[in-house]
Amino acid sequence: MDLHPYYPLLRQTSLLRGMRDDELDLLLRCFAPRVRRYQKGELLLLAGYETREVGILLEGKILALKNTPDGSSVAITQMGPGGLFGDVLSGSSVRSPVSVMAQAPCLAVYLPYDKIIHPCAQLHETHLQLMQNLVLTISNKYFALDRRVELLICKSLRTRISLWLLEQAEQAGSDTFAVPLTRAGLAEYLNCDRSALSRELGRMQREGLIETFRGSFKILDKDRLRAQCQVA
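Note that the coordinates shown come from a computational prediction; the quantities given were computed from them, not determined experimentally. (Residues numbered from 1 in each chain as written. Predicted model: local features only at pLDDT ≥ 70, side-chain atom pairs only at ≥ 80, totals over all residues. Heavy atoms only, no water.)

Asks: I would appreciate a short explanation of the overall build of the protein in the present structure.
Replies: Scanning the protein from N- to C-terminus turns up eight helices and 11 strands. Referenced to the eigenvectors of the C-alpha coordinate spread, the extents of the protein come out at roughly 60 × 40 × 30 Å. Within the protein, the fraction of its 232 residues that count as buried is 41%. Residue pairs in contact within the protein that sit at least 24 positions apart in sequence constitute 70% of those at least 6 positions apart. Carbon and sulfur atoms form 53% of the exposed surface of the protein, whose accessible area is close to 12,700 Å². Between the averaged position of the 29 positive side-chain charges in the protein and that of its 25 negative side-chain charges there is a distance of 6 Å. (Helix = DSSP H or I, 4+ residues; strand = E, 2+ residues; numbered from the N terminus. Buried < 20%, exposed > 50% of the residue type's maximum accessible area, 1.4 Å probe, protein only. Contact = heavy atoms within 4.5 Å. Areas by Shrake-Rupley, 256 points an atom, 1.4 Å probe, with all protein chains shown as cover. Lys, Arg positive; Asp, Glu negative; His and termini not counted. Charge placed at Lys NZ, Arg CZ, Asp CG, Glu CD.)

This is the structure in structure tokens:
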């Protein structure tokens, strides 16, 4: 498959950030990547299996899910085009603790991990940059996971919501932002009941802390929101 139409997207990913067309041409010739389409509901990765590929989402949306002991599942993260998955797992002998499911029709390209960490004989400068990008990507995911753990260990739902809102505002660079998660998806992410989440968001809105509209939020009083994290 001709991946040239996706080059602008690929160079925006953390793995291939800033690479020129000729550099992407070089890497893709070396890797001969696998490309596959998925229908909504299909699994890109099943928990309990190993993978030796790094996946990049080119089209659609995917959701990473972790099964719980009671048989339910918790949403770990949601990704759109440019999302990277399997990058941490592919370098390990551990089987996947999560499943990755297509939330919409998807197109993904897979780079073989062994070829990423074992450069070809020419040892192109582009390949060295790719390896550095991979290390940085994995490091960033580690710290993102640490923030998620910090959020989930909070006993108060309001604290979890407040921490999440402040983090989203920081990432967006604005106190007004849209999020890809539905209300049900956010409840799963925060590990709470959907109705409890809706009630708490309603209280926070009535108290003048935030405004909500569908998938958008506006922080009205950031200082008071930070205070919720300290006292809750």
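On we go from here.
Asks: Hey, could you run me through the pairing of strand 7 (residues 99-102) in this one?
Replies: Here two bridges tie strand 2 (residues 43-45) to strand 7, and the two strands are oriented antiparallel to one another. Directly across from L45, in strand 7, lies its bridge partner V100. (Pairing = 2+ DSSP bridges.)

Asks: What exactly am I supposed to notice about the state of the cysteines here?
Replies: By definition, a disulfide links the sulfur atoms of two cysteines through a covalent bond. Inspection of the entire model under this criterion finds zero disulfides. Free cysteine: C154, not disulfide-bonded; nearest cysteine sulfur from C229 at 7.4 Å. (Disulfide = S-S within 2.5 Å.)

Asks: Is there a simple way to think about the packing of aromatic side chains in this case?
Replies: Two measures describe an aromatic ring pair: the distance that separates the ring centres and the angle between the ring planes. Evaluation of the coordinates by the stated rule reveals three aromatic pairs. Plain terms: the ring middles of W164 and F217 are 5.6 Å apart, the flat faces sit at 80° to each other, and that makes the pair edge-to-face. One end of the pair, W164, is in helix 5 (residues 157-172); the other, F217, is in strand 11 (residues 216-219), and 53 residues separate them in sequence. When sorted by exposure, W164 lands in the same class as F217, which is buried. Classification of F217 as buried rests on a relative accessible area of 3%. Grouping aromatic residues by their ring pairs yields a cluster made of W164, F177 and F217. The residue whose ring lies beneath R34 is Y110, and the NZ or CZ to ring-centre distance is 4.1 Å. (Phe/Tyr/Trp six-rings, centres within 6.5 Å; stacked < 30°, edge-to-face > 60°. Lys NZ or Arg CZ within 6 Å of the ring centre and 35° of its normal.)

Asks: Help me out: how do you make sense of the sheet that holds strand 3 (residues 53-59) in this one?
Replies: Two pairing modes exist for strands in a sheet, parallel and antiparallel, and in both the strands are linked by backbone hydrogen bonds. Ordered by their spatial adjacency, four strands build an open sheet running 1-8-3-6, and the pairing between neighbours is antiparallel. Strands at the two margins of the open sheet, each flanked by one partner only, are strand 1 (34-38) and strand 6 (84-85). Pairing analysis gives six bridges linking strand 3 to strand 8 (residues 106-112), with the strands arranged antiparallel. From the neighbouring strand, E59 faces strand 8, where its bridge partner is L107.

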